[in-house]
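What follows is the residue order along each chain.
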Amino acid sequence: MSDEWMEKYHNEIDKFAQETKEFHEHDLSRKDYKGISGGFGSYAQRDDQEHMVRLRLTGGKLDRENLEFLANLVDRYNIKRLKMSTCETIQLHDLSYDQVAPIIWEAADHGIYTKAGGGDNPRNVMVSPLSGVQEGEAFDVNPYADAVAEYTLSVCRDFKMPRKLKIAFSNGVDDSVHATFRDMGFIANPDGTFKLYICGGLGNDHKMGVLMEENLDPKEILYYVRGMIDFFCQFGNYKNRAKARTRFLQETMEPEKLKEEYFRIVDGLKAKGGLDLYKVEEKNIDKQGEGTIVSARVLPQKQKELFSVEYHPIGGVLPTEMPRKMLELLEKMPGVEIRIGADETLWFINCTAKEAAEILELSKESANTPFEHSVACIGAAVCQQGLRNSQSILRDCIFKVREHPEISEVLPKVRISGCASSCAAHQVGSLGFQGFVKVVEKIPQAAFRVFVGGSDEKDNVRFGEFVGVVLEKDMPDLFLALGKACLESQKTWDAFVQENRDDVVSIIESFA
Ligand code: SF4
């Protein structure tokens, strides 16, 4: 970022340090502080003596320098909890109030900007985690995502949007970043262009995006991004935050009108010019591959004899000693990089077979079954907004299911959000759970709303259907019952849920 931008940022951080102190001393309300701290990618946790800082990493790219910075930060600040988020960032949790601003300052000086990591801003730009190395991809979308991230950060002080804006880039192989239902989603086409979807999103009244362009010229993406910001500022709902996300524009405007107004703004920007992306630097991977390796956690890359290794800590909670251990290992592995995916999986890319084997050993505590790869948000023990502790229920269910290895093999990856904000994208889980309070005989009970049949597979993206509410205490037994029925059917989970949907629903209903 420019010197001028940084100077302003340093001044903002100084002011924010003072405001954090005022909040700590109860001179600033929780609501007012949230409105300020979100803009710095920080929130007070449920216990307002503890804070979170979110490190913005475009495309989840955690290069060696940033990994070293993270490892040093963990040591020096004695950080107790690291959570990979579904926006491809790393969240530092349980910080004291006087650690917040110094960490944000240090991160900025290291080139990691937490600014706009929360609040009503363009958020961390997401990218398919294997972009650039994945077999069958259209092309590497990282350079475009980097350009968008830099642009949105550089101008984020110039406008006030009604709420946040999430932008994702898919490399055309998978849609794990959910480009088809973000505020803005770019999907790479094999001919070098992008499909563009806008005004999608999860949360209450979740909606698929509206297809705007089939073959968008990549050099014009900044016109479309700026156009989206201006469009949102012009037509978004500033009066009711619950209706302020871009997806609600689908309710207030007919599809034709929505397209007409969006393109009117984009065309106006193109006529003015100045945002063409003529130069994007594609990264060449010149590392020599070597060897072969077969493991459920290893994928061959499009580069000959190079591999990507996945590591999914349960619930996306990265043990605090891991950044240092990963750094020490990567010191002797030239070219190996880390990416954080939107499903809380960490990928090591550009590994030889031997290096992949060493990474497998380092990360042997990784999830090993689809069920253990389940996605869960940080949950209500930490998050002010949450209703349920998604992390603890996920662990309870995994430990219960582990007692029955044959069942643990068949259950799918599920998604657990602590509330309707849908941070774990429960709507696209084959089984999705949303934190809820169920009143039973006038007594509020911890519960989850259950969704069945969602999918985020490319070309098969669909939202699950709400089928009932189960009490939290019954969830481990619910998974055992579902897994047992699937085993008895002798089908895979996907076939079982498709062909025996009524059985799945009636099992859930029997717990409802
Ligand atoms: S889904 Fe709800 S509980 Fe979970 S992180 Fe998001 S806001 Fe918090």
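All values reported here derive from a predicted model rather than from experimental measurement. (Residues numbered from 1 in each chain as written. Predicted model: local features only at pLDDT ≥ 70, side-chain atom pairs only at ≥ 80, totals over all residues. Heavy atoms only, no water.)

K.L.:
Just checking my understanding: could you explain the domain arrangement of the protein chain for this structure?
P.N.:
One widely used convention gives an interface's size as the accessible area the parts lose upon coming together. Per the domain assignment, the segments of the protein chain are domain 1 (3-109), domain 2 (142-272), domain 3 (298-362) and domain 4 (371-511). Relative placement of domain 2 and domain 4: their C-alpha centres are 30 Å apart. The largest contributions to the domain 2 side of the interface with domain 4 come from Leu-202, His-206 and Met-208, which together make up 42% of the buried area. Our count for the domain 2 to domain 4 interface comes out at three residue pairs in polar contact (both at pLDDT 80 or more). Of the residues in the side of domain 2 that touches domain 4, the class split is four nonpolar, seven polar and three charged. (Domains from an automatic or database assignment. Buried area = accessible area lost by both parts, 1.4 Å probe. Polar contact = N/O pair within 3.5 Å; in protein donor to acceptor, adjacent residues only side chain to side chain. Nonpolar A, V, L, I, M, F, W, Y, C, P; charged D, E, K, R; others polar.)

K.L.:
Explain empty space enclosed by the protein here, please?
P.N.:
Where empty space is left in the structure can be found by rolling a water-sized probe over the atoms. Applying the stated criterion across every chain, the model contains one cavity of 30 Å³ or more. Put simply, the largest cavity is a space of about 60 Å³. Forming the walls of the largest cavity are Ser-131, Gly-132, Val-133, Asp-140, Lys-283, Ile-285, Glu-337, Arg-339, Ile-349 and Asn-350. At the level of secondary structure, the elements contributing two or more residues to the lining of the largest cavity comprise β14 (337-340) and β15 (346-351). (1 Å grid on protein atoms, 1.4 Å probe; cavity = no way out; pocket = protein on both sides within 12 Å on 5 of 7 lines; lining within 4 Å. Points joined across faces, edges and corners; volume = space filled by probe spheres on them. Helix = DSSP H or I, 4+ residues; strand = E, 2+ residues; numbered from the N terminus.)

K.L.:
I would appreciate a short explanation of the layout of surface pockets in the present structure.
P.N.:
Quantified by volume, the second largest pocket comes out at close to 940 Å³. What lines the second largest pocket is a set of 36 residues, among which Asp-343, Lys-413, Arg-415, Asp-456 and Glu-457 lie closest to the centre. Looking at the lining of the second largest pocket, the elements that each hand over two or more residues are β11 (298-300) and α14 (493-499). In terms of residues, the lining of the second largest pocket owes the most to one element, α14, which gives four residues. When its residues are assigned to classes, the lining of the second largest pocket shows eleven nonpolar, 13 polar and twelve charged.

K.L.:
Just to check I follow, could you spell out the packing of helix α9 (residues 322-330) against helix α10 (residues 353-362) for this structure?
P.N.:
Relative placement of two packed helices is described by the angle separating their axes and the distance separating the axes. Where α9 contacts α10, the axes come no closer than 11 Å and their chain directions differ by 160°. With respect to α10, the element α9 is oriented roughly antiparallel. When the axes of α9 and α10 are compared, the crossing they make is right-handed. Judged by residue contacts, Met-322, Lys-325, Met-326 and Leu-329 of α9 engage Glu-358, Ile-359 and Leu-362 from α10. Looking at the contact of α9 with α10 residue by residue, the class counts come to five nonpolar, no polar and two charged. (Axes fitted to C-alpha atoms, helices over the stretch in contact; angles between N-to-C directions. Parallel < 35°, antiparallel > 145°, perpendicular 65-115°, else oblique. Left-handed = near helix turned anticlockwise from the far one by under 90°. Contact = heavy atoms within 4.5 Å.)

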